[in-house]
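# Structural characterization, general
Spelled out from the first residue to the last, the chains are:
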Amino acid sequence: MLTSPSNALHSTPHFWPIRRSRLLLRPRNFPRFHSGGGNFCSLSLLSARSGPSRFRIRALAGPEASEDGGLAFPNHVSVKIPFGNREILVETGLMGRQASSAVTVTDGETIVYTSVCLADVPSEPSDFLPLYVHYQERFSAVGRTSGGFFKREGRTKDHEVLICRLIDRPLRPTMPKGFYNETQILSWVLSYDGLHAPDALAVTSAGIAVALSEVPNSKAVAGVRVGLIGGEFIVNPTVKEMEESQLDLFLAGTDSAILTIEGYSNFLPEEMLVKAVKVGQDAVQATCTAIEALAKKYGKPKMVDAIRLPPPELYKHVKELAGEELSKALQIKSKIARRKAITSLEEKVLTILTEKGYVIDEAAFGTTEAQPELLEDEDEDEEVVPEGEVDQGDVHIRPIPRKPIPLLFSEVDVKLVFKEVSSKLLRRRIVEGGKRSDGRTPDGIRPINSRCGLLPRAHGSSLFTRGETQALAVVTLGDKQMAQRIDNLEGSDEYKRFYLQYTFPPSSVGEVGRIGAPGRREIGHGTLAERALETILPGDDDFPYTIRVESTILESNGSSSMASVCGGCLALQDAGVPVKCSVAGIAMGMVWDTEEFGGDGSPLILSDITGAEDASGDMDFKVAGNEDGVTAFQMDIKVGGITLDIMEKALIQAKAGRRHILAEMAKCSPPPMLSLSKYAPLIHIMKVHPSKVYSLIGSGGKKVKSIIEESGVEAIDMQDDGTVKIMANDIASLERAKAIISGLTMVPAVGDIYRNCEIKSMAPYGAFVEIAPGREGLCHVSELSAEWLAKPEDAYNIGDRIDVKLIEVNEKGQLRLSVRALLPESESDKDSQKQPPTGGDSTKSSPRKYVNPSLKDRAATTGASGDELVWKKKDVGRASGGDKPMKSNSSGNEEDRGSLVNGEATIS
């Protein structure tokens, strides 16, 4: 929902003086609900059909009776109306009967309740409709409570704000100008089945509630979702079906026009997007036709008598006073200078029309100005006194010619008219002259400049400037602990590994304002930019980082959300994120009725609109994507709706604009680094056997904590499927953690060879050798040498390093190692093999002469250095020399043991 300026509405109700010049009643000319323009018949025709019908009314035949004989719900109405490829149940008159209207809409087992209430007294007139929308998802709808400390539903969550905006945007264009009664729409999700999403249902529910209420809107509104599954467009797909969809399109409109669209896709071509909109529009038409028929039969009378407009003659006076100067001010290219000039001119007009008064010519005085009554009413039989004579009994005033009295208007009316006059002059300049305020043609793009690497300590940064709009984008990389947790009806265990946060400070428009929590506009713009960039990001397996993008608007003159898309894309590349391609965004505008301003009557599409063109225009259509397809889009309409042909034309013109912007982004100087920052953390992914995950975690997490302390890494994240993510600030600690985990989770196989292993301890019957960090095996004294040994100390000491081969794994998982198995076969070996097996009582064997071979001698025998370390080379999460970061995998399971290279095991 859009928020009104702080000074636009007052908390104290204002009572209006009734003036004929300001009160316009239009019960005849004001548009009413009608059922034409759709593909479905009216309610009366559908109810008269024989056989099955997609639209059925199940109104109660008579009033319901309570047990005591009284009337329970005499106005209860239950109706089924089409909703895409199925029907929804609409009920009214059962709950919320004191509201202007209240409806309950059911889709499957998902139930949304919506109420509409109006203030009895109109607020002070302004250029902003006092419409307030609140949407809330009750956790009781899924049988649980909030995951926080306080179990009451708290402040509105981000996704609830987005649905508030979806409800608000299509309803505003249907509201008449001059309606100032505060209107509040409350929408609650009372039940959710996990299958039928409540967002499109909430928009349709709000459209039904407004249609049944006293709000004098012109058309019924409905909303649907369109998905692309298996090459086929599906209207209102289920939550499970949307998981496989390549398109998420929300569309709202009336039975004859499109009011708003929003969503994202996987580089969907413009032609496919137009087809999807057509499918959604057909579904909306069917639903709106049914809603209008329902409102015609059960709706309340509309409050058309509450519409108040400025006096018609005020438009003429404002044009005469400021028309010429206002046209010149609108041609000033600089936004600040233009705003100051227009504000100064507005103050002059206000002073004249609200304080001094607007004085008309003497000749036109008698016909256009109403004369105030200066004298009391005279009696019918009062004597007429000749001019110049005074009767002694009564006091008379000599008749003199009356002077014209200045016309005074209210300040609010003057401001409303001044804004509308400015808007029309701006449109006329664009249509007639073919030039906009900054001198561009309708399809022209403002100058673009971009830079990367501004912030040396940030992981990635960029500054994107387009005209007088500038966005600073900063990227931060981290692990799962930095991910954003989502607590909604779907569950509280979901995490977002990528999120974009948009900030719009008042300084960006040269104003002084309050800094606080993000508003609904900031949340909406940030989500749109986030969806535009999400499609180009690599998968979690390829780039296992949590990515945060901050977009701060430093200057704003239109299309700051699309500047966030462009700046965010460059910052991602500067942070070394291997994005699939570059994307850009552009905002399109429109002048709907060009015939009024000297055109041929066909709508005029504008590319890369500024703030003034957004405020005074009829459309704000944001499109993001690459040269071939669209990733995100959002359209707001200020007129009664647009056709499919106009949307297609705007999409084609937006595609040409995106290609130009992408070409300018390629000229970025300095360019993106395309490699991981030295200040970014390193993340290494390895796979272990799922059964080994618990042994790595340990009781109460003691084991994993000890690994973190011993290795010096930042964090270790383990998943049930055996995926282990290690985050570190340096390679040394990362490698140490890898070695420890590999040793604890490795599955040894008979025949594996382990080099440079340390002897950890001695026993009379053999030596315990550490083949991997934390993993030891026994090398029996008979396997320590080809010669007979009385005790292990005769050949080795604790701390010596030897090469061993795994020759046995018993039922308990204990390892039996051998040095002799690696020695070349000789006669002495054959002789030693004839000796009786040596057990723990080795002293009973006959003594033999033993020559202790040095490590150097063994190296000469085996062809390898005694302290040889065989490493399997892996790419770690940081690329060097300009290479992009690569994912590193290590496997400790039986199928792919990361510790083996050509049959030899790697240890540290």
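Preceding block: the structure.
In this report, the structure presented in the accompanying data block is examined.

Reading the values: the criteria
- Residues numbered from 1 in each chain as written.
- Predicted model: local features only at pLDDT ≥ 70, side-chain atom pairs only at ≥ 80, totals over all residues.
- Heavy atoms only, no water.
- 1 Å grid on protein atoms, 1.4 Å probe; cavity = no way out; pocket = protein on both sides within 12 Å on 5 of 7 lines; lining within 4 Å.
- Points joined across faces, edges and corners; volume = space filled by probe spheres on them.
- Helix = DSSP H or I, 4+ residues; strand = E, 2+ residues; numbered from the N terminus.
- Nonpolar A, V, L, I, M, F, W, Y, C, P; charged D, E, K, R; others polar.
- Axes fitted to C-alpha atoms, helices over the stretch in contact; angles between N-to-C directions.
- Parallel < 35°, antiparallel > 145°, perpendicular 65-115°, else oblique.
- Left-handed = near helix turned anticlockwise from the far one by under 90°.
- Contact = heavy atoms within 4.5 Å.
- Core = buried A, V, L, I, M, F, W, Y, C linked by side-chain atoms within 4.5 Å.
- Buried < 20%, exposed > 50% of the residue type's maximum accessible area, 1.4 Å probe, protein only.
- Expected span 1.5 Å × (residues − 1).
- Polar contact = N/O pair within 3.5 Å; in protein donor to acceptor, adjacent residues only side chain to side chain.
- Phe/Tyr/Trp six-rings, centres within 6.5 Å; stacked < 30°, edge-to-face > 60°.
- Lys NZ or Arg CZ within 6 Å of the ring centre and 35° of its normal.

## Some thoughts on empty space enclosed by the protein
Evaluation of the coordinates by the stated rule reveals four cavities of 30 Å³ or more. Space inside the largest cavity adds up to approximately 70 Å³. Every residue lining the largest cavity is listed: Phe83, Arg86, Asp107, His196, Ala197, Asp199, Ala200, Leu201, Arg225, Asn236 and Pro237. Among the elements that take part in the lining of the largest cavity, helix α3 (residues 199-212) stands out by supplying three residues, more than any other. Its residues placed into classes, the lining of the largest cavity shows five nonpolar, two polar and four charged.

## With respect to the packing of helix α10 (residues 520-534) against helix α11 (residues 560-574)
Helices that pack against each other are described as a pair by the angle of their axes relative to one another and the distance between those axes. Between α10 and α11, the least distance of the axes is 9 Å, while the angle of their chain directions is 45°. The orientation of α10 relative to α11 falls into the category oblique. The interaxial crossing formed by α10 with α11 has right-handed handedness. Contacts between α10 and α11 involve Arg521, His525, Leu528, Ala529, Ala532 and Leu533 from the former and Ser560, Ser561, Met562, Ser564, Val565, Gly568, Cys569 and Leu572 from the latter.

## Focus: the nonpolar core
Ile547, Met619 and Phe621 are the most contacted members of the largest nonpolar core, which has 132 residues in total. Here this core takes 11 residues from helix α5 (residues 270-298), the largest share from any one element. For Met619, the residues in contact, after removing those within four places along its chain, are Met588, Gly589, Met590, Ile605, Ile609, Met635, Asp636, Ile637, Ile642 and Ala650. Formed by 24 residues, the second largest nonpolar core is a distinct cluster that contains Val417, Val421, Val591 and Leu606.

## Brief notes about helix α16 (residues 731-745)
Counted at 1.5 Å a residue, the expected span for α16 with its 15 residues is 21 Å, and the 21 Å between its end C-alpha atoms agrees. Three or more residues of α16 are buried, namely Ser733, Leu734, Ala737, Lys738, Ala739, Ile740, Ile741, Gly743 and Thr745. With a side-chain oxygen positioned 3.3 Å from the backbone nitrogen of Ala732, the residue opening α16 is Asp730.

## Let's talk about unusual backbone geometry
With an omega of -5°, the peptide bond running from Ser669 to Pro670 counts as cis. With phi around 60°, Ser559 is a residue other than glycine that occupies positive phi space. Note that Ser559 resides in the loop between β18 (546-555) and α11. Assessed through its relative accessible area of 10%, Ser559 is described here as buried. Of note, the phi angle at Leu674 is positive, near 65°, even though the residue is not glycine. Relative to the helices and strands, Leu674 resides in the loop between α13 (644-665) and β23 (682-687). Here Leu674 falls in the partly exposed class, since its relative accessible area comes to 39%.

## Comments concerning the packing of aromatic side chains
Per the stated rule, a full pass over the model turns up four aromatic pairs. Taking the centre distance of 6.4 Å and the plane angle of 80° together, the rings of Tyr765 and Phe768 count as edge-to-face. If you follow Arg138 out to its NZ or CZ, it ends over the ring of Trp188, 4.6 Å from the centre. In this structure, Arg521 is placed above the aromatic ring of Phe504, and the distance from its NZ or CZ to the ring centre is 4.3 Å.

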